[in-house]
Amino acid sequence: MFNESLKQLSKRLAKKEISSVELTTEFLERIKKFNPEFNAFITIDEEKTLTQAKQADQKIASGDTGPLTGIPVAQKDIFCAKGWLTTCGSKMLSNFVSPYDAGVIERFDQAGAVNMGKTNMDEFAMGSSNETSFYGPVRNPWDVAAVPGGSSGGSACAVAARMVPAATGTDTGGSIRQPAALCGISGIKPTYGTVSRYGMIAFASSLDQGGPMAKSVEDLAILLNVMTGFDQRDSTSLQREKEDYARDLEKPLSGLRIGLPKEYFAKGMSSDVEKAVEQALDQYRKLGAETVEVTLPNSPLSIPVYYVLAPAEASSNLSRFDGVRYGYRTQIYQDLGDMYRKTRAEGFGVEVKRRILIGTYVLSHGYYDAYYIKAQKLRRLIAQDFKHAFSQCDVIMGPTAPTVAFDLGEKSSDPIQMYLSDIYTSAASLAGLPGMSIPIGFGDKNRPVGLHIIGNYFAEARMLNIAHQYQMATDWHQRMPGI
Amino acid sequence: MQWEIVIGLEIHAQLSTQSKIFSGASIAYGAMPNTQACVVDLALPGVLPVLNRGAVERAIKFGLAIGATINSPSIFARKNYFYPDLPKGYQISQYELPIVEGGEVSIQIGESEKTIRLTRAHLEEDAGKSLHEDFHGMSGIDLNRAGTPLLEIVSEPDMRSSTEAVAYAKILHALVRWIGICDGNMQEGSFRCDANVSVRPRGSDKLGTRCEIKNLNSFRFLEKAIDFEVERQIELLEDGGMVRQETRLFDANKGETRTMRTKEDANDYRYFPDPDLLPVEIESDWIEQLRESLPELPHARRERYISNYGLSAYDASVLTSSREMADYFEAAAEQVPEQAKLCANWIMGEISARLKKEDMDIIDCPVGSTILVTLIKRVHDGTISGKAAKTVFESLWLGELKQDVDAIIESKGLKQISDDSAIEKLVDEVLVANAQQVADYRNGKEKAFNALVGQVMKATKGKANPAQVNAMLKKKLS
């Protein structure tokens, strides 16, 4: 049952073949069984979870059901959930129980979904391997020696190991797509402004975007229908008419023009990944699509631009963690300055501190124009590249990550190598475009490979259609790690 | 050497919105600590700011009132620094593209007018309060004030004396209340001034090194602080020293300024556009709507009082120092346009003095404008003397006899004797009884005339119309 789609599970619940409490218990058992090894969860609270399952059962009994009523969903620990420990993977928030719900949490609650717990993540979403978490690294269910990717590594792992049917993630430069690829699942980062950021702990405000992670594209569409929507508490939330993301899933792909950026296929991609991507593109041609070469000339700059802008925003966003009002505070201090320094030195991990320093530097007097302003200009050029490319194609495809999952510790001492994990994903983030990853096979050491699909603004339904048609023709998304 | 004083002011006006600039919490003054701080004000993880339209509206009104440019788009920026009463570790303010740019106001010094240019006015949030007493070696933080909307109004360095600076501050204080964007309560910190002060040799066009004096919460302190600071800087320079650029704090008890922080330990605030807030686009329709909603502004009224009622520039300025006073004046002057000057004198004299004594505002003045007009009419038509009018005013103030002016005049017997034959009779009696003075006067002793007038007034207990007494005496003695 744990490999069934959301539709199938929902049907079972509606037919009362199984109750939400039973379904939830079944997944809780899997969490108990696998989590000690994979460390996908930071917080599991059976009582809270089962209370929600009971409420869902009451809803079902009263006929008040939706596609997610009674369905277990894990929440990335970046989303504030009332009464839940909400750590963001950091010692700094290791004692923070949120007094309020994030917009996303509210939406899942209203839909009757059952919160299965808070998933592990890179500290403050800064990382591509889940190794920066204060709560320890997450393991890749396909190979415990490998990282699951990050920052939404806990969610990716939990879905891949079938500890939950679905989970939420957030993506700033690739944090949904890259772990989805490395764990062999599907994930989508919608257009910036589509999912409320209210209650989603900020890393880089102009880039952060929530999105769903699941086994299949069909599931993503169902989850996206719940997660998205205008939230007046988030000034960057877009006021658009509600749409059904599943509406175009079944459309045929004939006439589809797939853009292949020559920069993505030039160098840097490992051969196993390249092979899997070529096979996937062949599949698409069989489905009636044609491929065209496009160019994103500024895309090689996306990593440097990203690593100026994201740390700049982060350095300011993380200033509130000062030990004054909540969260971690150092034990012994002489005065205010000492309290600040020790609290932040002890409360933040190495990667977070590195980015705060980079961000502080690029915003400093005398450096601002050379770094921050220049990066903003390049950001606009990167977005223009996409605009031009989308005049020649419907979607852009390429690898999600340059390699399959790497080993734990392999890149953790080399930040630049780690940052390059997001080389294909960060450009779409900078442009605010929707991007997704779907599993398309396996590379070296039998580790999963993901296909990256970038769409134009608000083209999520079309992207889901394109990805879903692939999954109808293949079964990579149904493969399960042999655990 | 002759020194020229150069002053620019930064004024923080708290905007009179219901809720905070980026959250829905109330900004009412005086609540229990931290009871008006919601999750956004506390800067909990994940919270986001949402701009209060009312704050923007007030800033636009201000810009329109001073003839400034309203920027669209206007950008909110983060000013980064650590302090316990700054919950986010940054203040949301404006840096490049403030909402209001340029504009000017004119100040009145005696009978002469001077224009003061404004640099900009930008929206920002206030910080909370740190309380250093009662916590046994610790500090308490009250975040009720955190997020209160402020308009920071920055002038050009156009003022040349503390008198001009105070006049400018008072003009702005009047203006923000006039257009209803700030209650102007200085005790509660709704209107706070910082002064940038420098001196330079007269004739020089280069600005001297300035010091910023922080948090001057009364006009008197503003004046004293500037005067002290000017003297300090001149003394320094004349002794061959240099002024160091720094921020200074005014100690009201000692009447002096002292160093708060030097330029060297100034923060690098690392301003950058706040990515949580989109650029503020202001539709021209909205601006026009707000322009139409503005009341007639003080300077327009001042001009009107000068041209319509023949008031002096000084009088017109005083009367337009608050909308309430101007309204009071106008209500009275409209009824007796030819007596507008008398109305002005009453308001600026007797009424203002009495209000000040009772610590009241003109809006609460127990003597209404129509009653004042009746009183003025009685003086004008000779029913009572100007002196008696003050007695009547006192009765009116106390609400005696239902504020019936005539009844009060009657009951107090204040009516002047204006009957010619009655006065003639009195004068004749006095002339007979004071033959010596009459002789003195005829021998050229002018003083004797006044003594005779005094005798007539005395005989009528001051009720005789003095002008008529004078005329009658002159006639009889010639």
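Residues numbered from 1 in each chain as written. Chains lettered and ligands numbered in written order. Predicted model: local features only at pLDDT ≥ 70, side-chain atom pairs only at ≥ 80, totals over all residues. Heavy atoms only, no water.

Take the confidence of the model for chain B next. Confidence in the prediction of chain B, expressed as mean pLDDT, is 93, and 100% of residues score 70 or more. Interface predicted TM-score (ipTM) for the complex: 0.96; the corresponding pTM is 0.92. (pLDDT = per-residue confidence, 0-100.)

Before going further, it helps to examine a nonpolar patch on the surface. All names here are of chain A. Together, Y361, Y367 and Y371 make up a nonpolar patch on the protein surface, roughly 280 Å² of accessible area in all. Note that Y367 resides in the loop between α11 (350-362) and α12 (369-389). Look at Y367 and you get partly exposed, because its relative accessible area is 36%. (Patch = residues over 30% accessible without salt bridge, like charges linked within 9 Å, V, L, I, M, F, W, Y side chains within 5 Å. Areas by Shrake-Rupley, 256 points an atom, 1.4 Å probe, with all protein chains shown as cover. Salt bridge = Lys/Arg side-chain N within 4 Å of Asp/Glu carboxyl O. Helix = DSSP H or I, 4+ residues; strand = E, 2+ residues; numbered from the N terminus. Buried < 20%, exposed > 50% of the residue type's maximum accessible area, 1.4 Å probe, protein only.)

According to the domain assignment, chain B consists of domain 1 (3-286), domain 2 (296-412) and domain 3 (420-477). On a C-alpha basis, the centres of domain 1 of chain B and domain 3 of chain B stand 65 Å from each other. (Domains from an automatic or database assignment.)

Time to look at the nonpolar core. Counting 148 residues, the largest nonpolar core has F124, Y284 and F386 of chain A as its most contacted members. With 9 residues, helix α9 (residues 302-317) of chain A is the single largest residue contributor to this core. Counting residues in each nonpolar core, the second largest holds 106 residues, with I70, I107, M186 and C365 of chain B among its members. (Core = buried A, V, L, I, M, F, W, Y, C linked by side-chain atoms within 4.5 Å.)

All names here are of chain A. Along the polypeptide, L260 turns up in strand β7 (residues 257-261). Considered as a pair, L260 and L296 are 36 residues apart in the sequence and their alpha carbons are 9.6 Å apart. When sequence neighbours within four positions are dropped, the list of residues in contact with L260 reads F265, L281, R285, T291, V292, E293, V294 and M397. (Contact = heavy atoms within 4.5 Å.)

Moving on, we get to the state of the cysteines. Residues and elements named next belong to chain B. Applying the stated rule across the entire model yields 0 disulfides over all chains. Unpaired in terms of disulfides, C193 finds its nearest cysteine sulfur in C182, a separation of 11 Å. Its relative accessible area of 0% is what places C193 among the buried residues. A disulfide-free cysteine, C211 has its sulfur positioned 18 Å from the sulfur of C193, the nearest such atom. (Disulfide = S-S within 2.5 Å.)

Turning to the pairing of strand β6 (residues 104-109) of chain B, a few remarks are in order. Residue and element names in this part refer to chain B. Across 6 bridges, the pairing between β6 and strand β7 (residues 112-125) is antiparallel. Pairing of I107 across the sheet is with K114, part of β7. Two successive antiparallel strands, β6 and β7, enclose a turn made up of 2 residues, where G110 displays a positive phi of approximately 60°. (Pairing = 2+ DSSP bridges.)

Residue and element names in this part refer to chain A. Contact geometry of helix α2 (residues 20-38) with helix α3 (residues 46-61) gives a least axis separation of 8 Å together with a crossing angle of 155°. With respect to α3, the element α2 is oriented roughly antiparallel. Along this stretch, α2 crosses α3, giving a crossing that reads as right-handed. Contact with α2, carried on its side by S20, V21, T24, T25, L28 and K32, involves E46, T49, L50, A53, K54, A56 and D57 of α3 and no other residues of that element. (Axes fitted to C-alpha atoms, helices over the stretch in contact; angles between N-to-C directions. Parallel < 35°, antiparallel > 145°, perpendicular 65-115°, else oblique. Left-handed = near helix turned anticlockwise from the far one by under 90°.)

Attention now goes to the sheet that holds strand β4 (residues 90-93) of chain B. Taken together, 3 strands build an open sheet; the order of strands is β4-β3-β15 (chain B) and the sheet is antiparallel. Among the strands making up the open sheet, the edge pair consists of β4 and β15 (272-273) of chain B. Inspection of the sheet shows strand β3 (residues 77-80) of chain B paired to β4 of chain B by 4 bridges, in the antiparallel sense. Bridge pairing links N80 of chain B to Y90 of chain B in β4 of chain B. With respect to the sheet, α9 of chain A is in contact with β3, β4 and β15 of chain B, its orientation differing from that of β3 of chain B by roughly 60°.

Turning our eyes to something else, we now look at the sheet that holds strand β4 (residues 166-171) of chain A. All names here are of chain A. Spatial ordering of the open sheet is given by β1-β3-β2-β4-β6-β5-β10-β11-β9-β7-β8, a layout of 11 strands whose pairing is mixed. For this open sheet the edge positions go to β1 (41-43) and β8 (290-294), each flanked by a neighbour on one side alone. Ignoring which end each strand starts from, the neighbouring axes of this sheet average 35° apart. The pairing of β7 with β8 spans 5 bridges and is classified as parallel. Paired with G259 across the bridge in β8 is V292.

Right, let's get into the interface of chain A and chain B. In this assembly, 39 residues from chain A lie in contact with 29 residues from chain B. Summed over both sides, the interface between chain A and chain B buries roughly 2,700 Å², with carbon and sulfur atoms accounting for 59% of that surface. A per-residue breakdown of the area chain A buries against chain B is headed by S235, R320 and R325 of chain A, which together make up 22% of the total. Counting across the chain A and chain B interface gives 1 salt bridge. For the salt bridge of D276 of chain B with R197 of chain A, the shortest nitrogen-to-oxygen distance reads 3.1 Å. Counting the contacts that link chain A with chain B gives 17 residue pairs in polar contact (both at pLDDT 80 or more). Of the residues forming the side of chain A that touches chain B, the biggest block, 5 residues, is contributed by α9 of chain A. (Buried area = accessible area lost by both parts, 1.4 Å probe. Polar contact = N/O pair within 3.5 Å; in protein donor to acceptor, adjacent residues only side chain to side chain.)

As for its placement among the helices and strands, K88 of chain B is situated in the loop between β3 and β4. Judged by its relative accessible area of 12%, K88 of chain B is buried.

A word on the pattern of salt bridges. One pass over the full model with this rule turns up 58 salt bridges over all chains. Residue R257 of chain A pairs with D394 of chain A through a salt bridge whose shortest N-O separation is 3.4 Å. Placement of the pair is R257 of chain A in strand β7 and D394 of chain A in the loop between α12 and β9 (395-399), with a sequence separation of 137 residues. Taking the relative accessible area as the measure of exposure, R257 of chain A reaches 28% and is therefore partly exposed. Taking relative accessible area as the criterion, D394 of chain A reaches 25% and is therefore assigned partly exposed. The salt bridge partner of R78 of chain B is D276 of chain B, with a shortest N-O separation of 3.0 Å. Note that R78 of chain B is positioned in strand β3 and D276 of chain B in the loop between β15 and α4 (284-293), a separation of 198 residues in sequence. R78 of chain B gets classed as buried once you look at its relative accessible area, which sits at 0%. Exposure remark for D276 of chain B: the relative accessible area of 2% places this residue in the buried category.

Moving on to the packing of aromatic side chains. Applying the stated criterion across every chain yields a total of 32 aromatic pairs over all chains. Measuring from centroid to centroid gives 6.4 Å for F386 of chain A and F390 of chain A, while their planes differ by 25°, and the two rings are stacked. For F390 of chain A, a relative accessible area of 10% puts it in the buried group. Ring plane angle 70° and centroid distance 6.2 Å describe the contact between Y269 of chain B and Y271 of chain B, whose orientation is recorded as edge-to-face. Ring pairing ties together the aromatic residues F96, F124, F321, Y326 and F348 of chain A, which thus form one cluster. A cation over a ring is seen here: K48 of chain A above W84 of chain A, with NZ or CZ 5.5 Å from the ring centre. When the ring centre of F406 of chain A is taken as reference, the NZ or CZ atom of K411 of chain A above it lies at 4.3 Å. (Phe/Tyr/Trp six-rings, centres within 6.5 Å; stacked < 30°, edge-to-face > 60°. Lys NZ or Arg CZ within 6 Å of the ring centre and 35° of its normal.)

Okay, a negative patch on the surface next. Together, E223, D227, E231, E235, E238 and D239 of chain B give the surface a local cluster of negative charge. Counting through the fold element by element, D227 of chain B comes out in helix α3 (residues 219-238). (Lys, Arg positive; Asp, Glu negative; His and termini not counted. Charge placed at Lys NZ, Arg CZ, Asp CG, Glu CD.)

With that out of the way, let us pick up the pairing of strand β11 (residues 448-455) of chain A. The side chains of a regular strand alternate between the sheet's two faces. All names here are of chain A. In terms of burial, β11 is largely enclosed, as 8 of its 8 residues are buried. Covered by surrounding structure in β11 are P448, G450, H452 and I454 together with V449, L451, I453 and G455, the residues of both alternating faces. In the sheet, strand β10 (residues 435-442) pairs with β11 via 6 bridges, with the strands oriented antiparallel. Residue G435 lies in a different strand from β11, and its bridge partner there is I454. Counting the residues in the hairpin turn of β10 and β11 gives 5 residues, including K445, whose phi is positive at 55°.

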